[in-house]
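The lines below spell out each chain.
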Amino acid sequence: MNHKLIILATGFFLLTSFVFLSVIEGKQADISTKNVWMVYFENPKDKSLNFTIENHSSNANFHWEIMADKDSVTQGNSVITNGAKKTIPVSSDGITNKKITVIITSDNNEKTIYKNL
Amino acid sequence: MFDFIFSQTIFYLTLILVLFIPGFFLILATRMRKEFSPLEVFVLSFGSSIVLIDFLTIALGKSPFGITRNSIIGAIILFSIICFAVYLIFHRKNKGQPSIPASTASSSKIKKHSTILVITLLLLTIFIKTIYFKDAIFPTATDLGHHMYWTKVIAVTGQLPQYEKVEIQEDFTLGEPSPIADFIIGEHLPFAAIAIVSGASVISAFPVLTLFLIHIMSLLAIFVLAQALFKNSKHKDSIATATLFLIGPLWAIASPQAKFASGGVIGNNIGNLLIPLIIILFLKALIEKKSNILSYALFLSLGLAYTHHLSTFIFAFILFFTIIAYAIINPKTILQDAKEWMKLIISPWVLSVLAAGIIFIFLLYTPTYLNTTAIDTAVGAPSKATRTGLTLDQFKSTAGEARFAFALIGIVLLFFARNLGKYNQAFLIGWIGALTIMSLRPNWLFVDIPSNRVASYIVFPIAIIAAYALIKILTTLKSENKNYLNPIFLLATFFIFLSFIATSGFYDNALALNDASSASKALQTYNASEYLTQRSDAKDMILKDHNYLAGDSWIKLFTMRGYSYPLSRGYFKRYEDETKQREQCTNFMISTPTTTEAKQCYDGTGTDFVMINPKIDSSQFSRLKEFWQVYSADDIAIFYKAQ
């Protein structure tokens with residue numbers, strides 16, 4: 001049995017497999033191909049209400065609305081391309097004893113974050 | 001594109017530097033290159049390198065140089081130069097002497113089609129496993145996450161890690177750090193060395209690719225071991241090839257095969273490489289009465305002890321059963337043979353390795369499991385239902401039905417196969433005997449280890465013995481002198497066997513294939529982890545859920561605030577352990593955050609961030625005024641407990 005040939009063949013097969021799997025992993029690790037988006041408060045621990053929309057989906061149009069308890073305070077639209085993020089400043093001055101909810105919708109998908117001030 | 005090519009090139013060069021060069025030069029220096037076939041040298045170089053990189057890195061960690069890229073590369077180069085110098089000195093001294101004939105001088109005579117068959121089997125093996133890894137290459141596995149945390153600790157600090165964890169006490173507070181016996185440094189040092197030298201991120205394909213490489217090398221080790229075990233048979237290459245067929249493309253995915261690689265079961269994976277290599281060395285040392293080879297076997301055994309306690313424990317039983325099998329098979333010569341063994345042991349080579357091992361263990365670095373708790377955990381009457389032994393059906397399923405059937409025949413044949421060689425026969429019977437009893441009747445041996453973990457080791461000896469039975473049956477039916485079957489029936493018998501085995505093996509592959517990659521969910525977990533790491537500090541305590549979050553064990557690689565950070569709600573059955581009182585805080589704080597116990601847990605542990613799957617666990621938090629939802633994605637949400 002030609003051992004050297006077996007070693008060379010194994011090395012070649014492994015190299016081919018590793019390169020292929022590395023390319024696959026590179027694609028899988030790219031969150032911008034996963035069609036997801038997320039929203040979060042910039043400062044989770046204090047009472048500030050600035051929030052960020054991070055888009056990794058194909059849809060770039062986002063609508064957001066700020067609710068104080070059940071009342072709408074303000075709303076707006078943002079265009080955020082895939083791979084980009086946008087921070088939207090919201091003032092919390094004068095708000096007390098209210099649940100402030102940020103509702104973001106994009107392509108029938110809704111996400112909510114909130115703080116009880 | 002250039003970055004990809006560059007990083008790939010660096011990675012493959014690093015693999016060669018770390019996992020091949022040191023072992024190859026050690027074999028060169030110890031004058032053993034001519035003792036083994038090129039394939040044996042290849043796998044031995046690989047296995048030895050894993051052991052050497054452990055010892056070199058431990059030495060660096062204990063030295064003022066620390067574990068850095070320069071120190072690792074420098075240590076490997078220095079070690080290789082020293083080995084090469086030793087080789088040159090020896091070579092010059094023995095220039096006039098003929099070199100020792102290679103054990104496989106006859107192997108060159110074997111026909112070309114054997115080589116092509118082996119290469120085809122390897123191609124098929126690597127292809128099937130690659131198909132499986134396609135959906136498992138992105139790092140999300142729990143065990144791999146735990147191991148890569150320690151790997152990253154070594155890479156970031158440049159020091160040997162302190163294996164410690166923090167547990168929640170009965171008064172709901174966090175206790176002082178206590179040692180962890182479950183992690184062994186040899187599981188992390190090779191990966192840390194590769195990460196440091198290549199600059200590869202631990203959250204990438206590199207850990208799984210490295211485990212894949214180790215796994216393929218373990219298959220080659222089994223192949224060369226089968227050749228060594230049946231060295232006296234004229235069908236040794238056929239048996240080795242059949243073994244590769246039974247262990248390579250068939251049953252290619254289920255544990256302990258590709259699933260152990262993608263799952264990050266590092267210790268078992270390395271154990272499955274080192275155990276066959278150590279058996280090859282013991283076998284050769286005893287047959288040829290060579291103390292230098294015995295010392296090499298002990299060196300690799302020491303490396304195994306620094307890598308995986310379960311594999312070491314199992315190997316000790318294999319050795320013990322082999323001695324018993326040998327004594328039973330050779331009752332008349334056992335005393336005389338024992339004297340020969342003592343002569344081999346009391347030799348400068350062996351005593352030097354033993355002395356070096358003792359010095360290393362007691363003065364330089366003691367493996368974490370060498371404490372009473374760990375030993376008590378493994379030895380004694382089985383303490384749980386999962387440790388009382390498998391049923392025959394479970395055992396058969398682990399071994400693979402067709403392999404199991406042929407192995408049963410093979411075991412019977414082995415007892416009458418005196419022409420195999422007394423050591424060869426003893427090792428085969430001892431290996432299969434030890435694992436069978438440990439898996440089916442652990443109480444007979446006072447073994448207290450999960451029986452399915454032990455049984456996963458049975459796959460390799462079962463494959464070898466099944467291959468032996470298969471070839472023995474076929475060659476007996478068509479011996480040189482007699483043809484017991486008409487050639488057409490013989491061919492039919494061959495294809496019936498082949499179909500039975502292939503159906504069983506490929507069916508197992510199909511069952512074990514992944515549904516889909518969990519990369520999307522895990523990426524959301526990693527995104528949330530980055531968010532929280534940037535916006536919290538060590539005074540905050542995070543609690544995450546292990547049940548419904550993907551890749552959650554990797555969160556600690558983002559925070560890097562200790563192995564027990566963040567706290568984790570484990571699998572629910574873990575909280576109902578009748579044999580041991582478990583802390584309940586991590587369950588209460590997510591499942592029932594309004595209860596008094598949960599509030600005491602929040603206060604005691606200082607937990608203020610909770611990471612959960614919003615589809616399962618958000619309702620209990622959204623009702624509570626003190627919890628703010630501060631992060632929202634499809635598969636993960638973060639709640640903050642406001643003061």
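Here, the structure is the one placed above.
Residues numbered from 1 in each chain as written. Chains lettered and ligands numbered in written order. Predicted model: local features only at pLDDT ≥ 70, side-chain atom pairs only at ≥ 80, totals over all residues. Heavy atoms only, no water.

## Brief notes about the overall build of chain B
Looking only at helices and strands, chain B has 28 helices and seven strands in total. Relative to the globule expectation of 26 Å for 643 residues, the C-alpha radius of gyration of chain B, 26 Å, shows essentially globular dimensions. Expressed as lengths along the three principal axes of its C-alpha atoms, the size of chain B is roughly 90 × 60 × 55 Å. Considering only intrachain contacts with a sequence separation of at least 6, the fraction spanning at least 24 residues in chain B is 76%. Summing over all exposed atoms, chain B offers an accessible surface of approximately 27000 Å²; the carbon and sulfur share of this is 63%. Distance from the positive charge centre (52 side chains) to the negative charge centre (40 side chains) of chain B: 15 Å. (Helix = DSSP H or I, 4+ residues; strand = E, 2+ residues; numbered from the N terminus. Rg over C-alpha atoms; globule rule 2.2 N^0.38 Å. Contact = heavy atoms within 4.5 Å. Areas by Shrake-Rupley, 256 points an atom, 1.4 Å probe, with all protein chains shown as cover. Lys, Arg positive; Asp, Glu negative; His and termini not counted. Charge placed at Lys NZ, Arg CZ, Asp CG, Glu CD.)

## Examining the overall build of chain A
Across its full length, chain A holds one helix and seven strands. Secondary structure elements in chain A, listed N-terminal to C-terminal, are α-β-β-β-β-β-β-β. Overall size of chain A, expressed as C-alpha extent along the three principal axes, is 85 × 30 × 20 Å. By residue count, 48% of the 117 residues in chain A fall in the buried class. Counting only contacts in chain A whose residues sit at least 6 apart along the sequence, the fraction spanning at least 24 positions is 51%. For chain A, the computed accessible surface area is about 5700 Å², with 52% contributed by carbon and sulfur atoms. Here chain A contributes 12 positive and 11 negative side-chain charges, whose respective centroids are spaced 7 Å apart. (Buried < 20%, exposed > 50% of the residue type's maximum accessible area, 1.4 Å probe, protein only.)

## Brief notes about the interface of chain B and chain A
Contacts between the two partners involve 63 residues from chain B, matched on the other side by 48 residues from chain A. Around 4700 Å² of area is buried between chain B and chain A when both sides are counted, 68% of it from carbon and sulfur atoms. It is R535(B), W628(B) and S632(B) that lose the most area in chain B upon contact with chain A, and together they represent 13% of the buried surface on that side. Close ionic contact of D634(B) with K111(A) constitutes a salt bridge, the shortest N to O distance being 2.7 Å. Between chain B and chain A we count 17 residue pairs in polar contact (both at pLDDT 80 or more) in total. The dominant element in the side of chain B that touches chain A, judged by the number of residues it contributes, is helix α5 (residues 112-134) of chain B, at 10 residues. Bridge count for strand β1 (residues 36-41) of chain A against strand β6 (residues 627-632) of chain B is two bridges, and the pairing is antiparallel. Bridge pairing in β6(B) places V39(A) opposite S632(B). (Buried area = accessible area lost by both parts, 1.4 Å probe. Salt bridge = Lys/Arg side-chain N within 4 Å of Asp/Glu carboxyl O. Polar contact = N/O pair within 3.5 Å; in protein donor to acceptor, adjacent residues only side chain to side chain. Pairing = 2+ DSSP bridges.)

## Here we look at the sheet that holds strand β4 (residues 71-79) of chain A
All names here are of chain A. Across the sheet, which stays open at both edges, the four strands sit in the order β4-β3-β6-β7 with antiparallel pairing between neighbours. Taken across any chain shown, the strands that pair with only one partner, and hence form the sheet edges, are β4 and β7 (109-116). Across the sheet, the mean angle separating the axes of adjacent strands is 15° when strand polarity is ignored. Where strand β3 (residues 61-68) lies against β4, eight bridges are found, and the strand directions are antiparallel. Counted as the bridge partner of E65 is Q75 from β4. (Axes fitted to C-alpha atoms, helices over the stretch in contact; angles between N-to-C directions.)

## Examining unusual backbone geometry
Across the junction of Y565(B) and P566(B), the peptide omega takes the value 0°, indicating a cis bond. Structurally, P566(B) can be placed in the loop between α24 (556-559) and β4 (567-569). Of note, the phi angle at N35(A) is positive, near 55°, even though the residue is not glycine. Along the polypeptide, N35(A) turns up in the loop between α1 (3-28) and β1.

## Focus: empty space enclosed by the protein
Empty space among the atoms becomes visible once a probe the size of a water molecule is rolled across them. Residues and elements named next belong to chain B. Overall, the coordinates contain two cavities of 30 Å³ or more when judged by the stated rule. When its volume is computed, the second largest cavity comes out at roughly 50 Å³. Taken together, N272, I275, P276, I314, I318, W431, L435, Y457 and F460 make up the lining of the second largest cavity. Those elements that provide at least two residues to the lining of the second largest cavity are α11 (266-288), α13 (309-329) and α19 (422-440). Among the elements that take part in the lining of the second largest cavity, α11 stands out by supplying three residues, more than any other. When grouped by side-chain class, the residues that make up the lining of the second largest cavity number eight nonpolar, one polar and no charged. (1 Å grid on protein atoms, 1.4 Å probe; cavity = no way out; pocket = protein on both sides within 12 Å on 5 of 7 lines; lining within 4 Å. Points joined across faces, edges and corners; volume = space filled by probe spheres on them. Nonpolar A, V, L, I, M, F, W, Y, C, P; charged D, E, K, R; others polar.)

## A look at the pairing of strand β6 (residues 99-106) of chain A
All names here are of chain A. Counting buried residues along β6, six of its eight residues qualify, which places the element largely inside the surrounding structure. In the sheet, β3 pairs with β6 via six bridges, with the strands oriented antiparallel. The residue bridging I66 from the neighbouring strand is V102, located in β6. Bridge analysis of β6 against β7 gives eight bridges, and the strand direction is antiparallel. Residue pairing for β7: I103 is matched across the bridge by T112.

## Topic: helix α7 (residues 189-198) of chain B
All names here are of chain B. Most of α7 sits out of view: 10 of its 10 residues are buried. Among the residues making up α7, those that are buried are L189, P190, F191, A192, A193, I194, A195, I196, V197 and S198. Buried residues along α7 sit against α1 (2-19), α3 (38-62), α4 (69-93), α6 (142-157), α8 (206-229) and α11. Two residues or fewer past α7, G199 is found with a positive phi of approximately 75°.

## Thoughts on the environment of D46(A)
For D46(A), the position within the fold is in the loop between β1 and β2 (51-56). Its relative accessible area of 35% is what places D46(A) among the partly exposed residues. Each C-alpha atom, one on D46(A) and one on E65(A), is 20 Å from the other, the two residues being 19 residues apart in sequence. Each residue touching D46(A), except ones within four places of it in the same chain, is listed here: K115(A) and W628(B). In terms of polar contacts, D46(A) uses its side chain to reach the side chain of S48(A), at 2.7 Å.

## Considering a nonpolar patch on the surface
Residue and element names in this part refer to chain B. Where nonpolar side chains cluster on the molecular surface, the patch consists of M342, I345, I346, L351 and L354 and spans about 430 Å² of accessible area. Elements with a minimum of two residues in the nonpolar patch: α14 (334-345) and α15 (348-364). As for its placement among the helices and strands, I345 is situated in helix α14. Accessibility expressed as a relative area gives 32% for I345, which makes it partly exposed. (Patch = residues over 30% accessible without salt bridge, like charges linked within 9 Å, V, L, I, M, F, W, Y side chains within 5 Å.)

## A closer look at the packing of α1(A) against α1(B)
Look at α1(A) against α1(B): their axes get within 12 Å of each other, and the N-to-C directions meet at 135°. Comparing their axes, α1(B) and α1(A) come out oblique. For the crossing formed where α1(A) meets α1(B), the hand is right-handed. Contacts between α1(A) and α1(B) involve L15(A), F18(A), V19(A), S22(A) and V23(A) on the former and, on the latter, F4(B), Q8(B), Y12(B) and L15(B). (Parallel < 35°, antiparallel > 145°, perpendicular 65-115°, else oblique. Left-handed = near helix turned anticlockwise from the far one by under 90°.)

## Details of the side chain of T130(B)
For T130(B), the position within the fold is in helix α5. Looking at T130(B), its side chain comes within polar contact range of the side chain of S17(A), at 2.7 Å. A distance of 2.5 Å separates the side chain of T130(B) from the backbone oxygen of I126(B), its partner in a polar contact. Once you skip the residues sitting within four places of it in the chain, T130(B) turns out to touch S17(A), F20(A), L21(A) and F212(B).

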